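Residue-level structure breakdown
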Amino acid sequence: MVAGNWKMNTAQDEAKALAKYIVVNTQDIKNGEVVLSPPFVYLFAVSDAIKGSHIKLSAQNMYFEDKGAYTGEISPIMLKDAGCQYVIIGHSERRKYFNETDENINLKLKKALSTGLKPILCVGETLEEREKDITEFVVGIQIKKALYGIQDISNIVIAYEPVWAIGTGKNATPEEAEEVHFFIREMIRKKYGNTADKLLILYGGSVTVDNIGSLIEMKDIDGALVGGASLKGESFVGIIKKVAEKR
Ligand code: PGA
């Protein structure tokens, strides 16, 4: 899977043009999943642009209620209505700037699943946590709290995104990333058995067309969640092609 997280970028025309470029230039790729995650207000426009193609739509966030007096929030029912099949949950920018907690993330995951959306759960350590050698502890707690009370994880995707690698141009080495991906898979195996083998674990954090090739060679890296490099059609398509070649 290659998922593009456009964050708070693009205008309507750019969003439509980018989506169309990706549709046209990935037509021959049949293996794997390509997911686009535009800003909320462009979901309908992008949904329209990718109609009839193999590309899937995702939102960048959602609230954990169906409807009500929650000014400024978007419900999972609205996202389905807009054509979303996926939703990113717990991105580190939401944790950092919008005080998103593991408890909220758990409620959002449960709600996404019960609404029929596939969550892409983001986890990752800060630089300070990595330097203190508590990466696995931090990622482990984030996952345990996020999945609390969830029995079936077959529709969940996990994205490991070291916070220090997001938007910084510093990416984890393939070996550093693989170590955490392996840790995640084995931790999932303990609780959910062999579903762990089918779980998609994406790497995210300064993924580019130049570094994806060596990342995707790692056994437990099943794809990428791409920010900056997903905003340019050519580089995003380049990443998709490299992942499709290797898998
Ligand atoms: P980046 O963002 O590729 O720009 O580092 C990744 C992400 O935040 O998902």
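Computed from a prediction, not measured in an experiment: that's the story for all the values here.

The rules behind the values
Residues numbered from 1 in each chain as written. Predicted model: local features only at pLDDT ≥ 70, side-chain atom pairs only at ≥ 80, totals over all residues. Heavy atoms only, no water. Helix = DSSP H or I, 4+ residues; strand = E, 2+ residues; numbered from the N terminus. Polar contact = N/O pair within 3.5 Å; in protein donor to acceptor, adjacent residues only side chain to side chain. Contact = heavy atoms within 4.5 Å. Near = heavy atom within 4 Å. Areas by Shrake-Rupley, 256 points an atom, 1.4 Å probe, with all protein chains shown as cover. Nonpolar A, V, L, I, M, F, W, Y, C, P; charged D, E, K, R; others polar. Expected span 1.5 Å × (residues − 1).

Moving on, we come to the side chain of Lys-56. Tracing the backbone shows Lys-56 in strand β3 (residues 56-59). At 3.1 Å, the side chain of Lys-56 forms a polar contact with the side chain of Glu-33. Beyond its immediate sequence surroundings of up to four residues, Lys-56 is in contact with Glu-33, Val-34, Val-35, Leu-36, Ile-50, Gln-85 and Tyr-86.

Within the structure, the ligand sits among 13 residues, and Lys-7, His-91, Glu-161, Gly-167 and Ser-206 are positioned closest to it. With respect to the ligand, the backbone of Gly-227 contributes an N or O atom lying 2.8 Å from an oxygen atom. Taken by itself the ligand offers 280 Å² of open surface, and the protein chains cover 95% of this. When grouped by side-chain class, the residues that make up the shell around the ligand number four nonpolar, seven polar and two charged.

Moving on to helix α5 (residues 102-115). With 14 residues, α5 ought to run about 20 Å at 1.5 Å a step, and its terminal C-alpha atoms sit 20 Å apart, in line with that. The elements touched by buried residues of α5 are α3 (76-81), β4 (86-89), α4 (92-97), β5 (118-123) and α7 (135-146). In the segment just after α5, Gly-116 is the residue with positive phi, at about 90°.

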